[in-house]
Amino acid sequence: MARIVVDTNALRQLAASARAAAADVERTTIGVRAQLLQSTSESALLGSALFRESLSDLHESSSLTVDALNQIALRLTAAADVYEKADSQLSAAFGNVPIRQEPKEPSVTDLLFPAASSRSADGLTAAIVDQWDSSSSRQTLPEIPLGSSGKLDSKARSVMIRLNAEQPHVVIGGRVGSGKTELMRNMIVSLAMSASPQELELILIDGKGGQFDDLTKLPHVITAGRTDESALRPVFARIDHLIHNRPVDSSLPRDSGKAQPRLVIFLDESSHSLRNSSEIRRIVTELASARSLLGIHVIASMQSVTDREIFDRLKARSARVLLPGSAPEFETYLFGKANFAVPTSGSEALLADSQRGIVRRFTPARMMTRSEVDLLRRAIRAAASSVLH
């Protein structure tokens, strides 16, 4: 039987880029409209029919562009779904006959569990339970795989970071479409596979919306939301409670003798969130400034060097990741004037590990397909159920 090669990962990446572009068009239009209104506030032009018509044309053109980009994203995603469904049906009917192109880069599952036995649902569940057992006695979170520095021939080739009191946070910089959201999704799944819900809790805040929807049912996720003040009130209340009930101590936070789970807050498109939510700004500022507060971590992505005051505080105690194709200001802001070539194209990224005092090059783990995410989510939930019983 002839093999049909389709790279569904590339289709999903293009869809994500289209959604990001649509959001950028909306933000730019709002900014341009505000500038026009401000510049003409004391002019007779403000009330003229020509000016009103120009604003209407701007809004209409923006809406058409946004709708077109979102339609492109939907159709690309639908095409990927069709190919993956056909892949499953062919495999069921004829055996293992893949129609997707096998990615060269490893996934986070490959990095955490190199053994082939972990590829099945039962094998993956067993591997996750073993991983949770091995991490239960640690005082810090397990290391998080970001990608690989070479061929996947051993776990030693994996590029990992560890979040602890000395390096509690991560800042990820990159242009639109560079893979920030994909890297954050991989980190969410990696953490969920590495530590049990009794050791780890996750809060997912998505500046654009829709990027984390399929991960919200992981047993570690205590709350999730978009950058909407009213919708996020339960999230803010939960974070405030956790912040103000965390003891300042040199050991893992405990409550009545029992170790409290560590909390990791994922903040995608953080510049958008910080601009549009004073509560998120307040919480991130408080966390960035709390030098002795243990057990709460922030992983934030940014696509422009804005809100410097907050990010300066966060960056000082963070691992920093620079994704390929990023603007020069990212290079200077995240790494300063260093004697190495920063990635400008291709798939190579840079990690500055402040705890180890090193900068490493790596290829980020590939984006997972929807079927892979579904398998991982089921395996993690099964592992959580088996641990409870």
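Quick notes on the rules
- Residue numbers run consecutively from 1 along every chain, following the written order of its sequence.
- With pLDDT at 70 or above as the cut-off, local features in this predicted model cover only qualifying residues; side-chain atom pairs require 80 or more to be listed or tallied, and sums for whole chains, interfaces and linings still use all residues.
- Derived side-chain values reflect all non-hydrogen atoms in the structure, with water molecules and hydrogen atoms excluded from consideration.
- Strands are runs of DSSP state E lasting at least 2 residues, helices are runs of H or I lasting at least 4, and numbering of each runs from the N terminus.
- Working definition: with a 1.4 Å probe on protein chains only, accessible area under 20% of the residue-type maximum means buried, over 50% means exposed, and in between means partly exposed.
- For every accessible area listed, the method is Shrake-Rupley and the probe measures 1.4 Å; residues are considered covered only by the protein chains on display.
- The term nonpolar core refers to a set of buried residues drawn from Ala, Val, Leu, Ile, Met, Phe, Trp, Tyr and Cys, joined through side-chain atoms within 4.5 Å.
- Here a residue-residue contact requires only that any non-hydrogen atoms of the pair lie within 4.5 Å.
- Whenever Lys or Arg places a side-chain nitrogen within 4 Å of a carboxyl oxygen from Asp or Glu, that contact is recorded as a salt bridge.
- For two strands to be treated as a pair, DSSP must find at least two bridges joining them.
- Each axis is a line fitted through C-alpha atoms, and for a helix only the stretch in contact is used; angles between axes span 0 to 180 degrees, taken between their N-to-C directions.
- Roughly parallel means an angle under 35 degrees; roughly antiparallel, over 145; roughly perpendicular, 65 to 115; everything else is oblique.
- We call a crossing left-handed when the near helix sits turned anticlockwise from the far one by less than a right angle, and right-handed when that turn is clockwise.
- By this rule the span expected of a helix is its residue count minus one, scaled by 1.5 Å.
- This arc is taken over the directions from the axis of the helix to the C-beta atoms.
- A 3.5 Å cut-off defines polar contacts: any pair of N or O atoms within that distance qualifies, except that in protein one atom must be a possible hydrogen donor and the other a possible acceptor, and neighbouring residues in sequence count only when both atoms are side-chain atoms.
- The predictor attaches a confidence to each residue, called pLDDT, with possible values from 0 through 100.

1. Re the overall build of the protein
Of the regular secondary structure elements, the protein holds 11 helices and 12 strands. Every one of the 389 residues in the protein was classed for burial, and the buried ones make up 49%. Carbon and sulfur atoms make up 52% of the accessible area of the protein, which amounts to about 18,400 Å² in all.

2. Let's talk about the nonpolar core
Most often, soluble globular proteins have nonpolar side chains that are buried together. In terms of nonpolar packing, the biggest core is built from 49 residues, with Met 187, Met 193 and Phe 266 touching the most fellow members. Per-element tally for this core: the top contributor is helix H5 (residues 180-194), with eight residues. When residues no more than four places from it in sequence are discounted, the contact partners of Met 193 are Val 108, Thr 109, Leu 112, Phe 113, Leu 124, Ile 128, Gln 131, Trp 132, Leu 376 and Ile 380. One finds Ile 205, Leu 263, Ala 288 and Leu 314 within the second-largest nonpolar core, a separate group that totals 28 residues.

3. A closer look at the pattern of salt bridges
For the structure shown, the criterion picks out four salt bridges. Between Arg 185 and Asp 214 there is a salt bridge; the shortest N-O distance is 2.8 Å. Remark: Asp 214 occurs in the loop between strand E4 (200-206) and strand E5 (221-226) and Arg 185 occurs in helix H5; sequence separation between them is 29 residues. Residue class for Arg 185 comes out buried when judged on its relative accessible area of 13%. Overall, the relative accessible area of 26% leaves Asp 214 in the partly exposed class. Note that Asp 374 and Arg 377 form a salt bridge whose closest N and O atoms lie 2.7 Å from each other.

4. Considerations on the pairing of strand E1 (residues 144-148)
In terms of burial, E1 is largely enclosed, as five of its five residues are buried. Relative to strand E2 (residues 158-161), E1 runs antiparallel, the two being bridged by four bridges. Directly across from Gly 147, in E2, lies its bridge partner Val 159. Alignment of E1 against strand E12 (residues 358-364), held across two bridges, turns out to be antiparallel. When the sheet's bridge partners are listed, Gly 147 is paired in E12 with Pro 364.

5. With respect to the packing of helix H4 (residues 121-135) against helix H11 (residues 370-388)
Look at H4 against H11: their axes get within 8 Å of each other, and the N-to-C directions meet at 55 degrees. Between H4 and H11, the interaxial angle falls into the category oblique. Read as a crossing pair, H4 and H11 show a hand that is right-handed. Taking contact as the criterion, the partners of Ala 121, Leu 124, Thr 125, Ile 128, Val 129 and Trp 132 in H4 are, on H11, Leu 375, Leu 376, Ala 379, Ile 380, Ala 382, Ala 383, Ala 384, Ser 386 and Val 387.

6. Re helix H10 (residues 328-335)
Restricting attention to buried positions, one finds in H10 the residues Phe 330, Glu 331, Tyr 333, Leu 334 and Phe 335. At the C-terminal side of H10, Gly 336 shows a positive phi close to 70 degrees.

7. Some details on the environment of Trp 132
Looking at the element boundaries, Trp 132 is found in helix H4. When the C-alpha atoms of Trp 132 and Glu 199 are compared, they prove to be 8.9 Å apart, with 67 residues separating the residues in sequence. Dropping the residues within four chain positions of it, Trp 132 is found in contact with Ala 192, Met 193, Ser 194, Ala 195, Ser 196, Pro 197, Glu 199, His 220, Ile 380, Ala 383, Ala 384 and Val 387.

8. Brief notes about H11
For H11, spanning 19 residues, the distance from its first C-alpha to its last is 27 Å, which sits close to the expected 27 Å at 1.5 Å a residue. Burial in H11 covers these residues: Val 373, Leu 376, Arg 377, Ala 379, Ile 380, Ala 383 and Ala 384. All buried residues of H11 project into a common sector of 165 degrees when viewed along the axis, lining one side. Those residues of H11 hidden inside the fold are in contact with helix H3 (108-112), H4 and H5.

9. A closer look at the side chain of Ser 318
Considering the arrangement of structural elements, one finds Ser 318 in strand E10 (residues 318-322). In this structure the side chain of Ser 318 is engaged in a polar contact, spanning 2.4 Å, whose partner is the backbone oxygen of Leu 314. Among all residues touching Ser 318, those that are not within four sequence positions of it are Gln 167, His 169, Val 170, Val 171, Ala 352 and Ser 354.

10. Quick look at the side chain of Ser 196
Tracing the backbone through its elements, the reader meets Ser 196 in the loop between H5 and E4. With residues up to four places along the chain from it excluded, the contact list for Ser 196 reads Trp 132 and His 220.

11. Some thoughts on the confidence of the model for the protein
Here the protein shows a mean pLDDT of 75. Residues at 70 or above account for 71%. The secondary structure element of the protein with the lowest average pLDDT is strand E6 (residues 254-255), at 43, and the one with the highest is H5, at 93. A low-confidence stretch, residues 96-103 (pLDDT under 50), is modelled with 30 contacts involving residues beyond four sequence positions or located in other chains.

12. Examining the environment of Val 373
Assignment of secondary structure puts Val 373 in helix H11. Between the C-alpha atoms of Val 373 and Leu 215, which are 158 residues apart in sequence, the distance is 8.2 Å. Those residues in contact with Val 373 that sit more than four places away from it in its chain are Arg 185, Asp 214, Leu 215 and Met 368.

13. Side note on the pairing of strand E3 (residues 169-173)
In summary, the side chains of a regular strand alternate between the two faces of the sheet. Buried residues dominate E3, accounting for five of its five residues. Alternating positions in E3 separate into two faces, His 169, Val 171 and Gly 173 on one and Val 170 and Ile 172 on the other, with burial throughout. Pairing analysis gives four bridges linking E3 to strand E9 (residues 296-302), with the strands arranged parallel. Paired with Gly 173 across the strands is Met 302, a residue of E9.

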